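Chain by chain, the residues run as shown.
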Amino acid sequence: MSHQSALTAYIAAFVAELVHTGIKDVVVSPGSRSTPMAMVMAEHPGLNLHVHVDERSAAFFALGIAKSSGRPAVLLCTSGTAAANYFPAIVEARYSRVPLLVLTADRPHELRDVGAPQAIDQIDLYGKHVKWFTEMALPEESADMLRYARMVCGRAAAVALQAPAGPVHLNFPFREPLIPDLENERLFELAERAEGFVSVTQGQRSLDQEGLKRIAAELGMYEKGIIVCGQMDNIAFSEKVEQLAEALGYPVLADPLSQLRSGSNSGKWIVDAYDSFLRFEDVKQQLKPEVVIRFGAMPVSKALTVFLKENRGARQFVVDGGGGWLDPHALSTEMVYCDEALFCEGLLSFIKKKQTANFAGKWLRLNSIAKEAMDAGMDREEMNESLIYRELPELLPEGSSLFVGNSMPIRDLDSFFWLNDKKINVMANRGANGIDGVVSTALGASLYGGQMYLVLGDLTFFHDLNGLLPAKLYNLDMTVIVINNNGGGIFSFLPQAGQARNFERLFGTPLDLDFSHVVNMYGGNFTRVHDWTSYRDAILSANNTPGLKVIEVVTDRAENAADHRRLWAAVSREIARLGAGEE
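Residues numbered from 1 in each chain as written. Predicted model: local features only at pLDDT ≥ 70, side-chain atom pairs only at ≥ 80, totals over all residues. Heavy atoms only, no water.

**What to know about the sheet that holds strand 10 (residues 291–295)**
Basically, it comes down to this: Think of it this way: DSSP has to see at least two bridges between two strands before they count as a pair. Strands are runs of DSSP state E lasting at least 2 residues, helices are runs of H or I lasting at least 4, and numbering of each runs from the N terminus. Note on contacts: a residue pair qualifies if any of its non-hydrogen atoms lie within 4.5 Å across the two residues. Here the axes come from fitting lines to C-alpha atoms, over the contacting stretch only for helices, and the angles between their N-to-C directions go from 0 to 180 degrees.
Strand order in the open sheet formed by 6 strands is 9-8-7-10-11-12, and the pairing between neighbours is parallel. In this open sheet, the two edge strands, each paired with only one partner strand, are strand 9 (270–271) and strand 12 (334–336). Of the strand pairs in this sheet, strand 7 (residues 225–229) and strand 10 are connected by 5 bridges, and their pairing is parallel. Bridging from a neighbouring strand, Ile-226 pairs with Val-292 of strand 10. Along the sheet face, helix 11 (residues 302–310) touches strand 7, strand 8 (252–254), strand 10 and strand 11 (315–319) and points at about 135° away from the line of strand 7.

Shown next, in the form of C-alpha cells:
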C-alpha cells in the first residue's frame with residue numbers, strides 16, 4: 001500500500017459520502033496543504049465547485065449558499081491563517097442557524113509546534129462556535145479506515161442540519177506528497193454500501209396533546225394577546241400562524257425577516273408599522289398585552305423590543321423548534337420547544353374561535369393610520385432613504401430574493417417595507433448582526449434564491465468588495481443597491497450624534513470613494529442615480545439585464561435622520577387627531 005494510494009482512497013471515500021448525504025456545493029480557498037482534497041473534489045461530477053481566493057469572502061459565500069438552499073455547504077482551505085479567516089462567517093452561521101461543513105487541511109502531528117511554516121494550532125480553532133469538531137485520522141486505505149471516513153462524513157452533515165442547524169469543523173492532517181492518483185476511473189466506486197454508508201433520519205420537535213390542550217386553555221383566557229414573529233425559515237409557518245391569529249383574535253407583529261410581509265396569504269392580521277407608533281407612550285399604554293406568543297429570533301425593531309421589555313408582566317411564550325434560548329431580556333414565562341408550524345397547527349384543534357377581536361382591531365387600526373401618515377409624508381422630490389424601501393415591493397419581480405445589509409438598511413426595511421402580495425424572500429445576516437461578508441453572502445444565496453437584490457450601505461459594501469469576485473468568475477446575476485450616505489448612517493440616530501466633537505472622525509467615518517472603478521474592475525454595470533425616475537428606471541432595467549449591476553443612490557446622513565423623525569412626528573399627529581389609541 002503506497003502513501004498515494006492510501007491518500008487517494010481515503011479522501012475519495014469521504015468525498016463520495018459527501019454526495020450521498022445530499023451536499024452539492026463546495027467552496028474552495030486555494031492552498032497547498034488542501035491539495036489532495038481539492039483535486040479529488042474537482043473530479044466528482046456530483047459536486048458544484050466554487051473557487052474563491054479570499055478566505056473571509058469565501059466563507060460568507062458558502063454561508064449564502066447554505067442559507068438559500070437549506071443544505072450544508074462545504075468550505076475547504078489550507079492550513080494556517082487561511083482557516084482563521086473563516087471565523088467571522090462561522091460565527092454568523094452558528095448564531096443564524098445555518099448548516100456549514102468546514103474542512104481545514106493541516107500539517108501532520110510531527111510538524112506541529114516545531115516551527116514548521118504555515119502551521120498554527122487548529123485543534124478546536126473555532127471553539128464553541130461550531131456544533132461539533134473532530135480531528136480526522138491520517139489517511140489509510142484499510143477497510144476500517146474507509147468506513148471511518150465515510151461515517152464521520154455522514155455524521156458531520158447530519159449534525160450540521162440537526163436543529164438548530166449550524167457549522168461543523170473537521171480538521172484533516174495530510175503528509176506530503178500531496179498529489180492523489182486521479183487516473184483511477186473507478187475513483188468514487190464504493191465496495192461497501194454503495195448507496196451511502198449511513199443515513200440519519202431527523203424528526204421535528206413536537207408537543208403531546210395534553211401540552212397543546214393546556215396552552216390552548218390558557219390562551220383562551222386572554223383577549224389582549226399579540227403574536228410576535230422574528231426571523232423565520234420555516235416554509236409551512238406563514239399559513240399556520242395566520243390561522244392561529246384568526247382563531248385567537250391576536251394581531252401578528254411581523255418582522256421583515258419573518259417572511260410574513262410578502263406572499264399570497266391574506267395578511268388580515270399582519271401589523272407591519274409597529275416600529276413607528278410604539279415610540280409613543282400614550283399609544284403603548286393602550287396596547288399593553290396580557291399575553292405574548294413569540295416565534296423566531298428577536299425582532300429588528302428596537303421600539304418593539306423596548307415595548308416587550310416594558311410588558312414583562314405579561315405571560316410570554318417563546319416557541320423555538322431549534323430548542324435554543326432566544327430570550328436576551330429574560331422575558332419568557334414559558335419556553336416551548338416545538339416546531340413552530342406544528343405548534344400553531346396543534347393549538348388550532350383546541351382553540352374556540354374568539355367572538356370579538358377589539359384589541360387586535362386597535363392594533364390594526366393604528367397600523368393603517370401609521371402607514372397612511374408615513375406614505376403621505378414621504379418626500380417624492382428629493383432622494384431619501386425611506387422611499388427606497390417603500391417602492392421595492394412594486395419594483396422587484398415576483399419570486400425574487402431581497403438580501404439586506406445590517407445597520408440602517410435592515411432597520412429601514414423594517415420601517416418601510418410593508419405588506420405586499422408578491423412572493424419576495426427577505427434575507428439578512430442577523431446572527432451576529434455584523435456588516436462583514438454581506439456581499440459574499442448575498443452572492444452565494446443567489447445560486448438558489450432566485451433573482452437576487454442586495455440593499456446595503458456604503459460602509460458595508462466597502463467592507464466586502466472582494467466578495468464581488470464570484471460574480472465575475474461565475475457570471476452570477478445580482479442587483480446591488482448601494483445607499484451611499486458617505487459613512488455610518490446609523491450613528492446619526494444614536495446618542496453619539498449629540499457629541500459633535502470628533503463625531504465624524506470616530507463614527508461618521510466618511511470614505512469619499514467612487515465605487516464605479518471597483519465595479520468596472522469586476523465586470524459589473526455601475527449606475528449612479530440622482531432622482532426617483534432614474535432610480536426606478538435603473539431597477540427595472542436591471543431586472544432584465546443579466547450579471548452584476550450596482551445602483552448607487554446618493555443620500556445625506558443628517559437629512560435622513562431628520563426625515564425619519566419627521567415621519568414619526570406625522571404618525572404621532574395623525575394618531576392624536578383621530579384618537580386611534582384611546583379606549
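**Observations regarding the pattern of salt bridges**
Inclusion rule: The working definition used for a salt bridge is a side-chain nitrogen of Lys or Arg within 4 Å of a carboxyl oxygen of Asp or Glu. Exposure is judged per residue with a 1.4 Å probe applied to protein chains only, and the accessible area is read against the type maximum: over 50% gives exposed, under 20% gives buried, and values in between give partly exposed.
Enumeration according to the criterion identifies 28 salt bridges in this entry. Its salt-bridge partner being Asp-414, residue Arg-261 comes within 2.7 Å of it at the nearest N-O pair. Note that Arg-261 is positioned in the loop between strand 8 and strand 9 and Asp-414 in helix 16 (residues 408–416), a separation of 153 residues in sequence. Pair check on accessibility: Arg-261 and Asp-414 agree, each one buried.

**Examining a nonpolar patch on the surface**
Selection rule: Only residues whose relative accessible area exceeds 30% and that take part in no salt bridge are eligible for patches, with like-charged residues grouped when within 9 Å of each other and nonpolar side chains (Val, Leu, Ile, Met, Phe, Trp, Tyr) grouped when within 5 Å. A 1.4 Å probe and the Shrake-Rupley method give the accessible areas. Residues count as covered only by the protein chains that appear here.
Together, Met-151, Val-198 and Val-200 line one region of the surface with nonpolar side chains, adding up to about 220 Å² of accessible area. In this fold, Val-200 is placed in the loop between strand 6 (167–173) and helix 7 (209–219).

**Digging into helix 7**
To keep things clear, this is the line we draw: Arc definition: directions from the helix axis to the C-beta atoms.
Where helix 7 is concerned, the buried positions are Gly-211, Leu-212, Ile-215, Ala-216, Glu-218 and Leu-219. What you see down the axis of helix 7 is that its buried residues fit within an arc of 160°, all on one side. At its buried positions, helix 7 is contacted by helix 8 (237–248), strand 10, strand 11, strand 12 and helix 12 (340–348).

**Concerning the environment of Ala-105**
Here Ala-105 is to be found in strand 4 (residues 100–106). Residues Ala-105 and Met-37, 68 residues apart in the sequence, show an inter-C-alpha distance of 8.4 Å. Here Ala-105 is in contact with Arg-33, Ser-34, Cys-77, Thr-78, Ser-79, Gln-122, Asn-171, Phe-172 and Phe-174, once residues within four sequence places are set aside.

**A look at the environment of Leu-111**
With respect to the secondary-structure elements, Leu-111 resides in the loop between strand 4 and strand 5 (132–135). Residue Leu-111 is classed as partly exposed on the basis of its relative accessible area, which comes to 31%. Leu-111 sits 316 residues away from Met-427 along the chain, and the two C-alpha atoms are 43 Å apart. The residues contacting Leu-111, other than those within four sequence positions of it, are Ala-116 and Ala-119.

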